[in-house]
Amino acid sequence: CRASNYIGFIRRALTKAGLEYIPVISISAQGLESNSGFKYSLPMLKKAMQAVVYGDVFMNVVYRTRPYEKVPGSVNALHEKWKNICIRQLTKDKVTMREFNKNIRSIVKEFDEIELLDIKKPRVGIVGEILVKFMPAANNYLVDLLEAEGAEAVMPDLMGLLYCAENANFKKDYLGASKKSAFINNSVIKLLEWFRKGAKQALKESKRFTPPATIQETANLAKDLVSLGNQTGEGWLLTGEMIELIHNGAGNIVCCQPNHIVGKGVIKELRAAFPEANIIAVDYDPGASEVNQLNRIKLMLATANKNLEKSEN
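Residues numbered from 1 in each chain as written. Predicted model: local features only at pLDDT ≥ 70, side-chain atom pairs only at ≥ 80, totals over all residues. Heavy atoms only, no water.

A word on the overall build of the chain. Counting its secondary structure elements, the chain contains 13 helices and four strands. Taken against the 2.2 N^0.38 rule, which gives 20 Å for 313 residues, the C-alpha radius of gyration of the chain at 20 Å falls within 12% of a compact globule. When each of the 313 residues of the chain is scored for burial, the buried share is 44%. As displayed, the chain offers around 17400 Å² of accessible surface, 56% of which is attributable to carbon and sulfur atoms. The averaged location of the 34 negative side-chain charges in the chain is 5 Å from the averaged location of its 42 positive side-chain charges. (Helix = DSSP H or I, 4+ residues; strand = E, 2+ residues; numbered from the N terminus. Rg over C-alpha atoms; globule rule 2.2 N^0.38 Å. Buried < 20%, exposed > 50% of the residue type's maximum accessible area, 1.4 Å probe, protein only. Areas by Shrake-Rupley, 256 points an atom, 1.4 Å probe, with all protein chains shown as cover. Lys, Arg positive; Asp, Glu negative; His and termini not counted. Charge placed at Lys NZ, Arg CZ, Asp CG, Glu CD.)

Of note, Asn-140 is a non-glycine position whose phi angle comes to about 55 degrees, a positive value. Given a relative accessible area of 32%, Asn-140 falls into the partly exposed group. In this model, Tyr-141 sits at a positive phi of 55 degrees, which is unusual for a non-glycine residue. Locating Tyr-141 in the fold gives a position in the loop between α5 (130-134) and α6 (142-148).

Once that is clear, we can look at the pattern of salt bridges. Considering all chains together, one arrives at 15 salt bridges under this definition. One salt bridge connects Lys-92 with Glu-99, and the closest N-O pair in it is separated by 2.9 Å. For Lys-92, a relative accessible area of 36% puts it in the partly exposed group. A salt bridge links Asp-157 to Arg-196, with the nearest nitrogen and oxygen atoms 3.4 Å apart. Note that Asp-157 is positioned in the loop between β2 (152-154) and α7 (163-174) and Arg-196 in the loop between α8 (179-195) and α9 (197-205), a separation of 39 residues in sequence. The two residues Asp-157 and Arg-196 agree in class, both being buried. In this structure, a network of salt bridges that share partners links the residues Asp-157, Glu-193, Arg-196 and Lys-200. (Salt bridge = Lys/Arg side-chain N within 4 Å of Asp/Glu carboxyl O.)

On to empty space enclosed by the protein, then. The tally for this structure, following the rule as stated, stands at two cavities of 30 Å³ or more. If you add up the space inside the largest cavity, you get close to 420 Å³. Among the elements of the structure, α2 (42-65), β2, α10 (215-222) and α11 (235-247) are those that each provide at least two residues to the lining of the largest cavity. Class assignment of the residues belonging to the lining of the largest cavity gives a composition of 16 nonpolar, six polar and eight charged. Here the second largest cavity is characterised by a volume of approximately 70 Å³. Taken together, Val-53, Asp-56, Val-57, Asn-60, Asp-157, Arg-196, Ala-199, Lys-200, Leu-203 and Pro-212 form the lining of the second largest cavity. Secondary structure elements with two or more residues in the lining of the second largest cavity: α2 and α9. Take the lining of the second largest cavity: its biggest share by element is four residues, from α2. Classifying every residue of the lining of the second largest cavity gives five nonpolar, one polar and four charged. (1 Å grid on protein atoms, 1.4 Å probe; cavity = no way out; pocket = protein on both sides within 12 Å on 5 of 7 lines; lining within 4 Å. Points joined across faces, edges and corners; volume = space filled by probe spheres on them. Nonpolar A, V, L, I, M, F, W, Y, C, P; charged D, E, K, R; others polar.)

Structure follows, in structure tokens:
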């Protein structure tokens, strides 16, 4: 699994850069590493969860509005304004849920009111291996490329990683895992859903934005195509996110660094179930050709624009 190698690669890179004295802290749910001198507390975890929700909301509202902005740069300016407000809030000693939810409502409201052009662009979902999907440097700045080519990028929430907790239910039902483990994981899901409850409500009440699905809803979408026992890497979540994107009008999808079973392997079935789906798999390994990546994405966008024109006609 790539994820268990990230820490080693980061340390190796720091050593090569002559910065080996910088400690790399791993917060591992599996207890793969212990970090002497580093302790995390409940207030720190509370701030971390709020930061994740802020990030997911920013991805939602910025990507939904930036391709259509009437005044160039206005969306990034508004993002920068609210990013600084959120950082100030999260770096205070005491962080309240009231202030957090107030900020979320204000962010959604202001992005909902920003001036946009009355035009339509193809919506392109991005799914795939977690680091490659979310880190611009790992996917050759895919969101910037899509926007430059006249499309709107749609990114599923980082909170989709609740999939790891949802997996405990399958393990309890079919693999002999304990009921206690399932209870703990379901409690974690409820807690994290509580953190983003205000954000989901604000997005639901907005004119422009779509709230994220619960992890159970995503699992229900995936289970007809793949078993929920597919829990290696991104597992069934990858399939579920692609179906969710199609349901939300983003039937053009780039599957980054695709898992060969639940990424590439389900594309044929997805096209059979959703004939309008326009899905490509793009490898971002170090040896992969950037020109080849670009050509595949441009071909997908050409099809996306044809489909958009056809639907408008």
